[in-house]
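A look at the structure
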Amino acid sequence: KLGRCVDARPLVFRVAGESGDGTWRVVIGSHSAEVVCARAFDGEVLWRTNLPGRVEAGACVADAKNTVVAVPCLDGHVYFIAVADGEILWSYDTGGECKGELTGYRRKPEDIQIVGSNDPNDENLTRDYLVFGMSHGGAAFALSHSKRRAIWSLSALGKGLGPDGEGEFHVKNFVGVAAPCVCVHGEVDREGWRNTSNDCVVFATLAGVVVAVSLDVVFKCAAPEYWEKKPKDAVRWAVGAHWSDFEDGGDFVPVFSSPVFLKHTGIVAVANVDGVIEGFPTEHGFGGRPEDPHAAHAWKIETGAPIYAPLASMEEFGNGFSVRNMLIVATAHGSLIGYLCDDGEGSEDHYGYADNPYEDYSDGGYHTFEDPDEIWRVQRKGRIRAAPAFLAPGYENHLLMDIVAAWDTGEVGVVTFDEGGVAKLRAIETLPAAVFSSPAPIAFRGGDRFVERIYIGCRDDKLHALEVPDRKE
């Protein structure tokens, strides 16, 4: 029990140096301003830490060894807390309420050659673990626990382009609640290195502005003594989300939903509160379309229902395939929808590895994309504010991961797929109060089988651990 509403997403992670049932931890905050760490297996509380303000969004791991977590707080700070004992190690003042989730990211060894300088300390400079976020303070930021400071922060941008790819606008601030989306491209080459030039982190704001920031430049901002980079140098592109009342000079539509990266197409999907989802090519932000080659988006979906929940995508799982271009959308009308997204011109199907959509621009043109097709839908009473989450396939050699969803009626269920790909909702439990917390499923080894659990907060002031029944039955 946490004293007041638990709307944050639980953070479930492994602890280094431990084994057995004690390997996993769950960290979560609540409206009572308390942050709790418990053993995920049996719920034993290991520590409680009180912050100066309530916690509405999920924490993230803040270092490569899982020894520190970063927690956003409504007092305007991000708190870095030791996993071992709950000690507050340091905090960063964002200048305004932190209501959105944070995103952690660390460079991998194969990325260093591309971003580095000739300095022998280059690896240490470019492999830092960073925490990205936004707040009501008006700035986007990247925080480094090892340096105990913000290595990059941007509060205003200057010029961007409207949804037609032409009309200019100015990004006055980065007020937002959507989690930043890290977009990492490409595979490691034969020499063991990966081209990071198109890697970026995408911010979507309450003003309806979508901004892509170069990860290469952000990491270089950590060491200005080696690279003369300014915060604005990191911006790759900025576009406005779908207009409201465009002909009357209306504003962009706010974005509450966290974007998602569709890796195999190079597209980042962004949903606004009007229920419009747009796909932007992360390389340049603009996608050519037959009817409007200057349009900012590569494709667009109009769901007809408001969207507040984070988007999700189904990626490859294990040794087999999932439908790698499936976009999962949860709406405020209670619908959970699966869309199959186009690979772009030059790809023959949706199930093999696609051609790189950016590998050839010699003709100066863009690949064209068809709008995604709805392939399944599950409808329940209530609204969905929580992000969908994924479980391992419920059938041997099955290609589709099962999807965990939660409605504000308190219902938590798993969408399973039969061998023909038909979706079916299987209810697990109805919690005693409304659910705004996104589910966090994991699996433990229990004897000779895996025991699957879903961790989820509830407005009954509790964190719940739900066991998933055998989905093969």
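For the structure itself, look to the data block above.
Just so you know, these numbers come straight off a predicted model, no measurement behind them.

Whether parallel or antiparallel, the strands of a sheet pair through hydrogen bonds between backbone atoms. Spatially, 4 strands are ordered β27-β28-β29-β30 in an open sheet, and the strand pairing comes out antiparallel. In this open sheet, the two strands that pair with only one neighbour each are β27 (389–391) and β30 (423–430). The mean angle between the axes of side-by-side strands here comes to 30 degrees, regardless of whether they run parallel or antiparallel. Where β27 lies against strand β28 (residues 402–406), 3 bridges are found, and the strand directions are antiparallel. When the sheet's bridge partners are listed, Phe390 is paired in β28 with Ile403.

Its place among the elements puts Gly413 in strand β29 (residues 411–417). It is 9.2 Å that separates the C-alpha atoms of Gly413 and Val468, two residues lying 55 residues apart in sequence.

In this section: the pairing of strand β16 (residues 200–204). With 5 of 5 residues buried, β16 is to be regarded as a mostly interior element. Going residue by residue along β16, you find Cys200, Val202 and Ala204 tucked away on one face and Val201 and Phe203 tucked away on the opposite face as well. Note: strand β15 (residues 181–183) against β16, 3 bridges, orientation antiparallel. Looking at β16, one finds that Cys181 is bridged to Val202. Alignment of β16 against strand β17 (residues 209–214), held across 5 bridges, turns out to be antiparallel. The residue of β17 that forms the bridge with Cys200 is Ser214.

Turning our eyes to something else, we now look at the nonpolar core. Counting residues in each nonpolar core, the largest one holds 27 residues, and the members touching the most others are Phe132, Trp152, Phe174, Phe203, Val213 and Val218. Among the elements that make up this core, the one with the highest residue count is helix α3 (residues 215–220) (4 residues). In this structure, Val213 is in contact with Trp152, Asp199, Cys200, Val201, Phe203, Val218, Ala234, Val235 and Arg236, ignoring residues within four places of it in sequence. Formed by 18 residues, the second largest nonpolar core is a distinct cluster that contains Phe13, Val15, Val27 and Val69.

What follows is about the sheet that holds strand β10 (residues 129–134). A sheet is described by the order of its strands in space; here 4 strands give the open sequence β9-β10-β11-β12, paired in antiparallel fashion. One side of each edge strand has no neighbouring strand; the edge strands of this open sheet are β9 (103–106) and β12 (149–154). Taken over all neighbouring pairs, the strand axes of this sheet differ in orientation by 25 degrees on average, direction set aside. Here 5 bridges tie β10 to strand β11 (residues 140–144), and the two strands are oriented antiparallel to one another. For Met134, the partnering residue across the bridge sits in β11 and is Ala140.

Tallied over the full model, the rule gives 11 salt bridges. Taken together, the shared-partner salt bridges connect Arg39, Asp42 and Glu44 into one network.

By secondary structure assignment, the location of Asp460 is in the loop between β32 (449–457) and β33 (463–467). Asp460 has contacts with Lys1, Pro432 and Ala433, leaving out every residue within four places of it along the chain.

Bringing the packing of aromatic side chains into the picture now. Within the structure shown, the criterion is met by 7 aromatic pairs. Centre to centre, the rings of Phe256 and Tyr308 are 5.4 Å apart; their planes meet at 65 degrees, and the pair counts as edge-to-face. Residue Phe256 is found in the loop between β18 (235–240) and β19 (260–262), and its partner Tyr308 is found in the loop between β22 (299–302) and β23 (312–314); the two are separated by 52 residues along the sequence. Here Phe256 falls in the partly exposed class, since its relative accessible area comes to 33%. Among the aromatic side chains, those forming a connected cluster through ring pairs are Trp152, Phe174 and Phe203. Directly above the ring of Phe436 sits Arg459, whose terminal nitrogen or CZ lies 4.2 Å from the centroid.

Here we come to the environment of Val171. Considering the arrangement of structural elements, one finds Val171 in strand β14 (residues 168–171). Since its relative accessible area comes to 4%, Val171 is described here as buried. Val171 sits 34 residues away from Thr205 along the chain, and the two C-alpha atoms are 9.9 Å apart.

Per the counting criterion, the structure on display carries 0 disulfides. In this structure Cys183 is a free cysteine whose sulfur lies 4.0 Å from that of Cys181, the closest cysteine sulfur available. Exposure remark for Cys183: the relative accessible area of 0% places this residue in the buried category.

Thresholds, definitions, all that
- Residues numbered from 1 in each chain as written.
- Predicted model: local features only at pLDDT ≥ 70, side-chain atom pairs only at ≥ 80, totals over all residues.
- Heavy atoms only, no water.
- Pairing = 2+ DSSP bridges.
- Helix = DSSP H or I, 4+ residues; strand = E, 2+ residues; numbered from the N terminus.
- Axes fitted to C-alpha atoms, helices over the stretch in contact; angles between N-to-C directions.
- Buried < 20%, exposed > 50% of the residue type's maximum accessible area, 1.4 Å probe, protein only.
- Core = buried A, V, L, I, M, F, W, Y, C linked by side-chain atoms within 4.5 Å.
- Contact = heavy atoms within 4.5 Å.
- Salt bridge = Lys/Arg side-chain N within 4 Å of Asp/Glu carboxyl O.
- Phe/Tyr/Trp six-rings, centres within 6.5 Å; stacked < 30°, edge-to-face > 60°.
- Lys NZ or Arg CZ within 6 Å of the ring centre and 35° of its normal.
- Disulfide = S-S within 2.5 Å.

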